Structure formats: C-alpha cells, structure tokens
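Single-letter residue listing:
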Amino acid sequence: MRLEGAIPPMVTPTEGREGGVDVTVLESYTEFLVEGGVHGLFPCGSIGEFPSLTREERRTVVETVVEAAGDVPVLAGCGATSVADVVALTEDAAAAGASAAVVVTPYYLGVDQAGLRGFYEAVADRSPLPVVLYNIPQRTGVTLEVATTVALADHENVVGVKDSSGGMAGLFRTVEETPEEFAVVQGLSMLALPSLDSGAAGLISGAANVFPAALSALYEAHRAGEYDRAVAISNEIAGPLVTAYADLPTAAALKHLVGHAGHEVGPPVLPLSELGAEDRRSLSERYDRVRERAEAHSLV
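None of these values were measured; they are calculated from a predicted model.

### Brief notes about helix H12 (residues 277-296)
Compared with an ideal rise of 1.5 Å per residue, which puts 20 residues at 28 Å, H12 spans 29 Å between its outermost C-alpha atoms and is within 8% of the ideal. Taken as a whole, H12 has its buried residues at Leu283, Ser284, Tyr287, Val290 and Ala294. Summarising the axial view, the buried residues of H12 lie within an arc of 140 degrees, below the 170-degree limit, and thus occupy one face. Turned more than 90 degrees away from the buried face of H12 sit Ala277, Glu278, Glu292 and Ala296, all of them exposed. Along its buried surface, H12 packs onto helix H10 (227-245) and helix H11 (250-260). Phi turns positive one or two residues past the end of H12, at Ser298, with a value near 55 degrees.

So this is what it looks like as structure tokens:
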C-alpha cells in the first residue's frame, strides 16, 4: 500500500455527549469526502476523539467508513497504550477491510525512545495490517525522534509516519534518511506546501474534513507542478479555515464546521466541552467566507 495524497482525519459522528456512533451520518459524511476526491480516509484519530470511543464503537466506525469508501484506502486509527490492545484494534480494522493501521505513540507513561522502538516493533510483528507511525507530542507528551523513526522504517511492516510535531527540520531529515518507499506525511495543514516541497508523500489535513475537494486539489496541483494554483488554494482556503480554529479545541471546532457544511455530526463527546456561542458564530462566518473562495475556484 502506498500512503499518499490528501487524507482527512475524520471527525466521528456521535449521537450525544456520552458517545454512540451515528452510522447514518457517518455513511453520508464519508461519501461526501470521497466525492471530494480525497486519496484516503483516516477514522478514529485524534480529531475522531478515539480515546472517548469504546472498542466496539471504533470497530463500528471503521466498518462503516470502509463500506462507504469504495476503493479509497482507509487508514484506521489503532492507538492505545498496550501492545495487546493495539494489536486487537489492528485485527478489528483488518477484519473490517482497512488498508493500514495508524498507531500513535503511547501516552501518559513517560516513554523513552528505546521503549517506543520496542513497542512499535512488537506491534508491527503482530499486526495483520501495515503500520503507520503517528507522532503528535503536543497531545501525547511523547516525541518520536527522527532516529527512532529511521530505525523503525527498516521493519517490513512499518510503511510510513504521520508527523504532526510541527518541526520541519525533523520532517525533512526523516524524508532524507528513510527509504523512498517509506511515506512521510504531514499532519498539520499549514505546513502542507513546505512539506510537499521537502518530499512528503501527502498531508493528513483537518481542513479536508470541511473542504475535501480543495485540499485534494492542492495536493494534485503540487504534484502536477502547478505551484501557483497550490499556493492560491493554501492561502485562500486552507490557511484561513485553519487559523479560524487554531486556538480552539480541534475536534469540537471541526465538528461545528462539518455541521455547518451540512453534515450534522453531533457534539463533542465528554470530557471535551462544547464551543460557546461566540466561537460557533465566528467559525460559521469564516466558513461562509472561505466557501465563497472555494466556489470561485470550483472546489465545492
């Protein structure tokens, strides 16, 4: 499997503040993303509120997304803090038809690099799916260092890394020091273009949940050498949308934006708080302005 392109880290449509997957909305929302031309789908990640979902709910999400996705690859979030739990989640995802398992660094425990390497090697040895590493230290409190990523890239079942650290130097080093077939994917929308310039294989972009056609077009334009078009999409659509929620809880903000776009995905699950009225108003106004720009580019 080749990990590349524009991939939305999907929000999870829920029935209420205590969870419950809204399967009907998840189906239509997945179809909306696929129709927007995305190159993959990433359910049950950070924006998908995976720590608040039960194993059964995560299985339901992945099964539903795979069914609605058609031929689009599904990268299932399989994050947990024990090898056994992660492997069980990869088995669920494989049974559902997912293409790969995205495994975030174990959180809370204060893990060192030797522990991370041992953890990922044990998971990769037992996972029925190819494993994508996931580095997001601002959420987990753990940094997956470049040297550790490079070492893990030698494992035949480790196929890439989603880097949401925000460090361009580390991303560039990872691209340079790993095999060509190892996919380095940027996890922050604002760094999409410099990362693609540096050799990244794609972007896992929260903004793609809202304007999938625009983020897919950004990637395609860059790949085709249409740099002015890629810059215009970044500056007029992706950037203004992302800056609108930069200081807000990401999952809650994106759930509101996806809802404003026409897919009622429900509230954030406890313990996340709901957005206040002023934040909701501000996001809605920004969405409306960005949508006008997207329409001008025929990207909605």
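There's more to say after this.
### Points about a negative patch on the surface
Together, Glu27, Glu31, Glu35 and Glu67 make up a negatively charged patch on the protein surface. Within the secondary structure, Glu67 is located in helix H2 (residues 55-69).

### Examining H10
Counted at 1.5 Å a residue, the expected span for H10 with its 19 residues is 27 Å, and the 26 Å between its end C-alpha atoms agrees. At Ser234, H10 is deflected by roughly 40 degrees, the largest bend along its length. Those residues of H10 that fall on the buried side of the exposure criterion are Ala230, Ala232, Ile233, Ser234, Ile237, Ala238, Gly239, Pro240, Leu241, Val242 and Tyr245. At its buried positions, H10 is contacted by helix H8 (192-197), helix H9 (212-223), H11 and H12.

### A short note on the nonpolar core
The tendency in soluble globular proteins is for nonpolar side chains to be buried side by side. Formed by 97 residues in total, the largest nonpolar core has its most connected members in Leu41, Leu133, Phe211 and Tyr245. At 7 residues, H10 tops the list of elements feeding residues into this core. In contact with Phe211, other than residues within four places in its own chain, are Ile237, Leu241, Tyr287, Val290, Arg291, Ala294 and Val300.

### A few points about the pairing of strand S5 (residues 158-163)
With 6 of 6 residues buried, S5 lies mostly within the body of the structure. Sheet topology note: the S5/strand S6 (residues 183-186) ladder contains 4 bridges and is parallel. Bridging across to S6, Val161 finds its partner in Val184. The β-α-β motif built from S5, the intervening helix H7 (residues 168-177) and the parallel element S6 has right-handed crossover chirality.

### Regarding the sheet that holds S6
Strand order in this open sheet of 7 strands is S1-S7-S6-S5-S4-S3-S2, and the pairing throughout is parallel. Either end of the sheet is taken by a strand with one partner, and the two such strands are strand S1 (5-7) and strand S2 (75-77). On average, adjacent strands in this sheet sit at an angle of 25 degrees to one another, irrespective of strand direction. Note: S1 against strand S7 (residues 202-204), 3 bridges, orientation parallel. Looking at the pairing, Ile7 lines up with Ile204 of S7. Here H7 sits on the sheet in contact with S5 and S6, set at roughly 160 degrees to S6.

### Points about the pattern of salt bridges
A full pass over the atoms with the stated rule returns 11 salt bridges. Arg223 is paired through a salt bridge with Glu220; the nearest N and O atoms lie 2.8 Å apart. In this pair, Arg223 and Glu220 are both assigned in helix H9, 3 residues apart and thus about one turn of the helix distant. Judged by its relative accessible area of 30%, Glu220 falls in the partly exposed class. Look at the salt bridges and you will find they share partners, linking Arg55, Arg59 and Asp92 into a network.

About the thresholds
- Positions within a chain are numbered from 1, following the residues in the order the chain's sequence is written.
- pLDDT decides what is reported in this predicted model: residues at 70 or higher carry local features, side-chain atom pairs at 80 or more are listed and counted, and totals for whole chains, interfaces and linings draw on all residues regardless.
- Side-chain numbers here rest on the full set of heavy atoms in the structure, without hydrogens or water.
- Helix and strand definitions here come from DSSP, where helices need a minimum of 4 consecutive H or I residues and strands a minimum of 2 consecutive E residues; each element is numbered from the N-terminal end.
- To estimate how far a helix should extend, the number of its residues minus one is multiplied by 1.5 Å.
- The buried label applies to any residue whose accessible area, calculated with a 1.4 Å probe on protein chains only, is under 20% of its type's maximum; exposed applies above 50%, and partly exposed to all values in between.
- To obtain the arc, one takes the directions from the helix axis to the C-beta atoms.
- Note on contacts: a residue pair qualifies if any of its non-hydrogen atoms lie within 4.5 Å across the two residues.
- Exposure above 30% relative accessible area and the lack of any salt bridge qualify a residue for a patch; like charges then connect within 9 Å, and the nonpolar side chains Val, Leu, Ile, Met, Phe, Trp and Tyr within 5 Å.
- All accessibility values rest on the Shrake-Rupley procedure with a 1.4 Å probe; residue burial counts only the protein chains present in the view.
- Salt bridges are defined by distance alone: a side-chain nitrogen of Lys or Arg within 4 Å of a carboxyl oxygen of Asp or Glu.
- None of His or the chain ends enter the tally, which takes Lys and Arg as positive and Asp and Glu as negative.
- By convention, the charge on Lys lies at NZ, on Arg at CZ, on Asp at CG and on Glu at CD.
- The angle between axes fitted to the seven residues ending at a residue and the seven residues starting there is what we call the bend at that residue.
- The criterion is simple. A nonpolar core is a set of buried Ala, Val, Leu, Ile, Met, Phe, Trp, Tyr and Cys residues joined through side-chain atoms within 4.5 Å.
- Between any two strands, at least two bridges found by DSSP are needed for them to pair.
- Every crossover in which the path from the first strand over the helix to the second runs clockwise, viewed with the strands pointing away from the viewer, is termed right-handed.
- Structural elements are reduced to axes, namely lines fitted to C-alpha atoms, with helices fitted over the stretch in contact, and the angle between N-to-C directions of any two is expressed from 0 to 180 degrees.

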